[in-house]
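# Structural overview
The residues making up each chain are set out below.
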Amino acid sequence: MRAHPVHAAALGLLLLTAPATAGVTVGSKAFPESWILGEALAEETRALGVADVEHRSNLGGTEIVYQALRSGSVDVYPEYTGTLLEVILHAPRPVALPAMRAAMAKEGLGVSEPIGFNDSYALAVTRAVRERYALRTISDLARHPELKLGLTHEFMGRPDGYAGLAAHYGLRMKHVVGIQHELAYTALASGRIDVTDIYTTDAQIERLGLHVLEDDRGFFPRYDAVWLYRLDLAAREPRALEAILALTGKIDEARMIRANARVVLGGQTFRQSADSLLAEALGRAPARKPAEADVAGSILRNTGQHLKLVALSLLVAVLIGVPLGVIATRSPLIGSTILSLTGLLQTIPSLALLALLIPLFGIGVAPALIALFLYSLLPIVRNTYVGLTTIPIPLAEAAAAIGLSPRAQLFRVRLPMASPAIMAGIKTSAVINVGTATLAALIGAGGLGEPILSGIQLRQNSLILQGAIPAAVLALLVQRAFDLIDLVAVPRGLRLPPIKG
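Computed from a predicted model, the values in this text were never measured in an experiment.

## So, the overall build of the chain
If you tally the helices and strands in the chain, you get 22 helices and ten strands. Across its three principal axes, the chain shows a C-alpha extent of roughly 90 × 65 × 45 Å. Across the 501 residues that make up the chain, the buried fraction comes to 51%. Working note: accessible area of the chain is about 22600 Å², and carbon and sulfur atoms make up 62% of it. Positive and negative side-chain charges in the chain, numbering 45 and 40 respectively, have mean positions lying 8 Å apart.

Dropping the structure here:
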């Protein structure tokens, strides 16, 4: 497929007139195909002479990476026209690519011509299920409401996902559960589910011998892969736009399926697969030599980053949470308001909170720290409030009777008496924070969530363990560290006796 002539002419003018500036950030969603495409574009941009190119992979679903693009945290990422139409534009069908491009231009974003392949949603079953229930089309599912559907969470929540599909085909399935995409294949092969949603370029379709149900009533739109990019990128770094055009119309479905298979089934890294894809698409030798992974170094880096996220967010939560707990004791109204607000923060789903923070703070460490801080507040505020309001009344009256000022009463009597409860709240927040911080990887903040998310996508238990085991050990060490801090922060007579084995 040839580059759009208007784009090519504009590129020629920009290359002659626009000053090149360093710094291009490529984003990708949290699945292998997006990683490969993102890395291929990053490598092609480097090959054109841009030294400062970063690929931020694993940035969650559409909402997160799209908000990162709008905020300027990333400059370009691979998207699909069906997703653009249904999830981002919320436009009625059909909408041609020029109309999509005009709508996105109002947001300061550009849409390339198709990369070269259509990666549509579809439903798939095993051959055994197909033969047992005589399934050929999606319409055939309506005759078997007893079938168990295991669908990805994004598919279940999208308008072009299960809700729209069920209404379009009149499906009344009794068993529909949410499941992570790569895990769905394992569940399908083992018979725990009967039907799952797939991407038509998934390598597992052929390996597992799956039957793709025909979309006989034409529900799914085309999902042509395109590059979604910031329009100001052309002026800031025109060579990045040149790289986008170089990878437009060059990657067909067969090449993309092979690239996915090298990662999902062949054990290659997505960087190695991206190099091979570039060699196929552009006819040149791979730029990299495969290198052995430094597992120990990776674990240490991820653990260090994880610990930094936990420590910084917890420190701010303590500095703000304890005073809030003190203020909450001033009156029932103030206390109820503060406890209700901090409790409300705990009810916001973590991914939703991260998506809300990205337009304000971009991706990376900043929004991750803010989210972790907000989730750390409730145990600290509540335990401080409870500790201060349950002090025996005679002790509080005695402190006032001997003439201590309110400030002295707080710091010499009330806070020391409440210290066991306060430290318990801080310890609870710290341990929970270690687990919650794994989600920081979804917005490019790193940490032990990186190997866990990659391992889930690739169904590699070794990768999952590289994140899960250090996280568990870190949680135990944090708890033990606070046990030692108790010896200093809690007066001797108020310490709980050690638990005897």
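That was the structure; now back to the text.
## Side note on the pattern of salt bridges
In the structure shown here, the tally under the stated rule is 19 salt bridges. The salt bridge partner of Glu43 is Arg46, with a shortest N-O separation of 3.2 Å. Of this pair, Glu43 and Arg46 both sit in helix 2 (residues 32–47), three residues apart, which is roughly one turn of that helix. Given the relative accessible area of 28%, Arg46 is considered partly exposed. A single network of salt bridges, built from pairs that share partners, joins Asp75, Arg230, Asp232 and Arg236.

## Comments concerning the packing of aromatic side chains
In total, this model carries eight aromatic pairs according to the counting rule given. A centroid spacing of 6.2 Å and a plane angle of 35° characterise the contact between Tyr121 and Phe220, whose relative ring orientation is tilted. Remark: Phe220 occurs in the loop between strand 9 (211–212) and strand 10 (225–230) and Tyr121 occurs in strand 5 (residues 121–125); sequence separation between them is 99 residues. For the residue pair Tyr121 and Phe220, the accessibility class agrees, reading buried in each case. Within the aromatic cluster, the residues linked to one another by ring pairs are Phe31, Tyr121, Phe155, Tyr199, Phe219, Phe220 and Tyr223.

## Brief notes about the confidence of the model for the chain
The predicted coordinates should not be examined in detail at positions where pLDDT is low. Scored by pLDDT, the chain comes out at a mean of 86, with 91% of its residues at no less than 70. When pLDDT is averaged over each helix and strand of the chain, the minimum, 37, is found for helix 1 (residues 5–17) and the maximum, 97, for strand 10. Overall, residues 1–21 carries pLDDT values under 50, and its contacts beyond four positions in sequence, including any with other chains, amount to 31 contacts.

## A closer look at a nonpolar patch on the surface
A cluster of nonpolar side chains, contributed by Leu315, Val316, Leu319 and Ile320, occupies part of the molecular surface with about 350 Å² of accessible area. Mapping Val316 onto the fold places it in helix 15 (residues 295–328).

## Some words on the pairing of strand 2 (residues 53–56)
As paired elements, strand 1 (residues 24–27) and strand 2 share four bridges and run parallel to each other. Of the residues in strand 2, the one forming a bridge with Val24 is Val53. With helix 2 bridging strand 1 and the parallel strand 2, this β-α-β connection has right-handed handedness.

## Observations regarding unusual backbone geometry
Look at Asn58: it is not a glycine, yet its phi comes out positive at around 65°. Here Asn58 lies in the loop between strand 2 and helix 3 (62–71). Taking relative accessible area as the criterion, Asn58 reaches 2% and is therefore assigned buried. Positive phi outside glycine occurs at Ala134, with the angle close to 55°. Tracing the backbone through its elements, the reader meets Ala134 in the loop between helix 6 (127–133) and strand 6 (148–151).

## Comments concerning the sheet that holds strand 6
With mixed pairing, five strands are arranged side by side in an open sheet as 7-6-8-5-9. Here the strands that pair on one side only, and so sit at the sheet edges, are strand 7 (175–178) and strand 9. Of the strand pairs in this sheet, strand 5 and strand 9 are connected by two bridges, and their pairing is antiparallel. Directly across from Ala124, in strand 9, lies its bridge partner Val212. Strands in contact with helix 9 (residues 181–190) are strand 5 and strand 8 (195–199); relative to strand 8, the strand with the most contacts, it is inclined by about 135°.

So, how was this worked out
- Residues numbered from 1 in each chain as written.
- Predicted model: local features only at pLDDT ≥ 70, side-chain atom pairs only at ≥ 80, totals over all residues.
- Heavy atoms only, no water.
- Helix = DSSP H or I, 4+ residues; strand = E, 2+ residues; numbered from the N terminus.
- Buried < 20%, exposed > 50% of the residue type's maximum accessible area, 1.4 Å probe, protein only.
- Areas by Shrake-Rupley, 256 points an atom, 1.4 Å probe, with all protein chains shown as cover.
- Lys, Arg positive; Asp, Glu negative; His and termini not counted.
- Charge placed at Lys NZ, Arg CZ, Asp CG, Glu CD.
- Salt bridge = Lys/Arg side-chain N within 4 Å of Asp/Glu carboxyl O.
- Phe/Tyr/Trp six-rings, centres within 6.5 Å; stacked < 30°, edge-to-face > 60°.
- pLDDT = per-residue confidence, 0-100.
- Contact = heavy atoms within 4.5 Å.
- Patch = residues over 30% accessible without salt bridge, like charges linked within 9 Å, V, L, I, M, F, W, Y side chains within 5 Å.
- Pairing = 2+ DSSP bridges.
- Right-handed = clockwise from strand over helix to strand, strands pointing away.
- Axes fitted to C-alpha atoms, helices over the stretch in contact; angles between N-to-C directions.

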